[in-house]
Amino acid sequence: MFPSRTWTTTGLLTIWAASAFAQVQAQAPVLAPWAGGAAVPAPPWRTLGLPNHKAPLTAMDITALDGAAVLRLRADASYASLVHDLNGWAPGPQATLRWRWRLDQPVAGADLRRKDADDAALKVCLMFDMPLARVPFVERSLLRLARAVSGEPLPAATVCYVWDATLAQGTVLPNAYSARVRYLVLDGSASPTGQWRGHQRNVQADFAQLFGAESATVPALQAVAVGADADNTGGRSLAWIADIQLVP
């Protein structure tokens, strides 16, 4: 989800990734690859944009690149997340998220430290159903209000892996609008563009690194999401992602 724009119902909805028709077996949530000859990802994947159509949807389609079917993400002053619901699956100690991605054109002027430039050409997010009791009081009150108004069980903890062309690899920082979303830069200013780069992340370890001060136990996962946005800067980006899998 995804990174929110404001601490309001509208902003918090941008990190919510519920897919009404996703049916994933809780014991083995292996995400489907981009395949089958479809032009766009099929259910249980679902595209979510900003509430009230505040920005156009980022174009996300399946295409062939380097001999494989991959997801292409083209942002143009736009925003979108592609979401796979997990129905409250509890990750074990070895639960791993794997994927490979490629950045060809970063968002010019993007800066995840600033609200007016909070854009990313590539992000993969894990959304956790963390109990509200673990959330700091002010943020908890705002989240409760947003849930009541929206009627949605908005996630209380989201870990977002990003490719950022300006920040150093390994940088950790909160979303500029909401500390309920926290970024981990996996590819940074020294990472070459135009090349595939693979990642494999331990779900429990990364939750502990980013949210361990709030929760000693790892909550169940609500969803996995990928996306790209350039709505704050009004810029453009081009990126690709493939072979995303969540395995026990």
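Residues numbered from 1 in each chain as written. Predicted model: local features only at pLDDT ≥ 70, side-chain atom pairs only at ≥ 80, totals over all residues. Heavy atoms only, no water.

A.B. asks: How should I be thinking about the nonpolar core in this particular structure?
C.D. replies: Where a protein is soluble and globular, its nonpolar side chains tend to be buried together. Counting residues in hydrophobic clusters, the biggest one holds 48 residues, and the most contacted among them are Leu 97, Trp 99, Trp 101, Val 124, Tyr 161, Ile 244 and Leu 246. Listed in part, the 10 residues of the second largest apolar core include Ala 120, Cys 125, Leu 167 and Val 185. (Core = buried A, V, L, I, M, F, W, Y, C linked by side-chain atoms within 4.5 Å. Buried < 20%, exposed > 50% of the residue type's maximum accessible area, 1.4 Å probe, protein only.)

A.B. asks: Is there a simple way to explain the packing of aromatic side chains in this structure?
C.D. replies: In this description, an aromatic ring pair is defined by two values, namely the gap between the centres and the angle between the planes. Across all of its chains, the model carries 5 aromatic pairs by this definition. Judged by centre distance (5.4 Å) and plane angle (40°), the ring pair of Trp 99 and Tyr 161 falls under tilted. In this pair, Trp 99 is assigned in strand E5 (residues 96–105) and Tyr 161 in strand E7 (residues 157–163), connecting sequence segments 62 residues apart. By the burial criterion, Trp 99 is buried, and Tyr 161 matches it. Ring centres of Phe 207 and Phe 211 lie 5.7 Å apart, and the angle between their planes is 20°; on these two criteria the pair is classed as stacked. (Phe/Tyr/Trp six-rings, centres within 6.5 Å; stacked < 30°, edge-to-face > 60°. Helix = DSSP H or I, 4+ residues; strand = E, 2+ residues; numbered from the N terminus.)

A.B. asks: Would you explain the pattern of salt bridges in this entry?
C.D. replies: Pairs can form between side chains of opposite charge whenever their charged atoms are close. Overall, the coordinates contain 15 salt bridges when judged by the stated rule. Across the pair Arg 72 and Asp 61 runs a salt bridge whose closest N-O atoms are separated by 2.6 Å. Highlighted residues: Arg 72 in strand E3 (residues 68–76) and Asp 61 in strand E2 (residues 59–65), separated in sequence by 11 residues. Between Asp 187 and Arg 197 there is a salt bridge, with its nearest N and O atoms 2.3 Å apart. Of the two residues, Asp 187 sits in strand E9 (residues 181–187) while Arg 197 sits in strand E10 (residues 197–202), which places them 10 residues apart along the sequence. Assessed through its relative accessible area of 0%, Asp 187 is described here as buried. Overall, Arg 197 belongs to the partly exposed group, its relative accessible area being 27%. Within this structure, Asp 111, Arg 113, Arg 114 and Asp 116 form a network of salt bridges that share partners. (Salt bridge = Lys/Arg side-chain N within 4 Å of Asp/Glu carboxyl O.)

A.B. asks: Just to check I follow, could you spell out the sheet that holds strand E6 (residues 120–128) for this structure?
C.D. replies: Think of a sheet as strands paired side by side through backbone hydrogen bonds, with each pair either parallel or antiparallel. Strand order in the open sheet formed by 7 strands is E1-E4-E11-E6-E7-E9-E8, and the pairing between neighbours is mixed. Where the open sheet ends on each side, the last strands, each with one partner, are strand E1 (45–48) and strand E8 (172–174). Going across the sheet, the axis of each strand differs from the next one's by a mean of 25°, ignoring polarity. Pairing of E7 with E9 involves 6 bridges; the strand directions are parallel. By the bridge assignment, Cys 160 is partnered in E9 with Tyr 183. Helix H3 (residues 203–211) rests against E6, E7, E8, E9 and strand E11 (221–229) of the sheet, and its axis sits at about 100° to E7. (Pairing = 2+ DSSP bridges. Axes fitted to C-alpha atoms, helices over the stretch in contact; angles between N-to-C directions. Contact = heavy atoms within 4.5 Å.)

Geometric descriptors of this kind do not, in isolation, establish any biological role.
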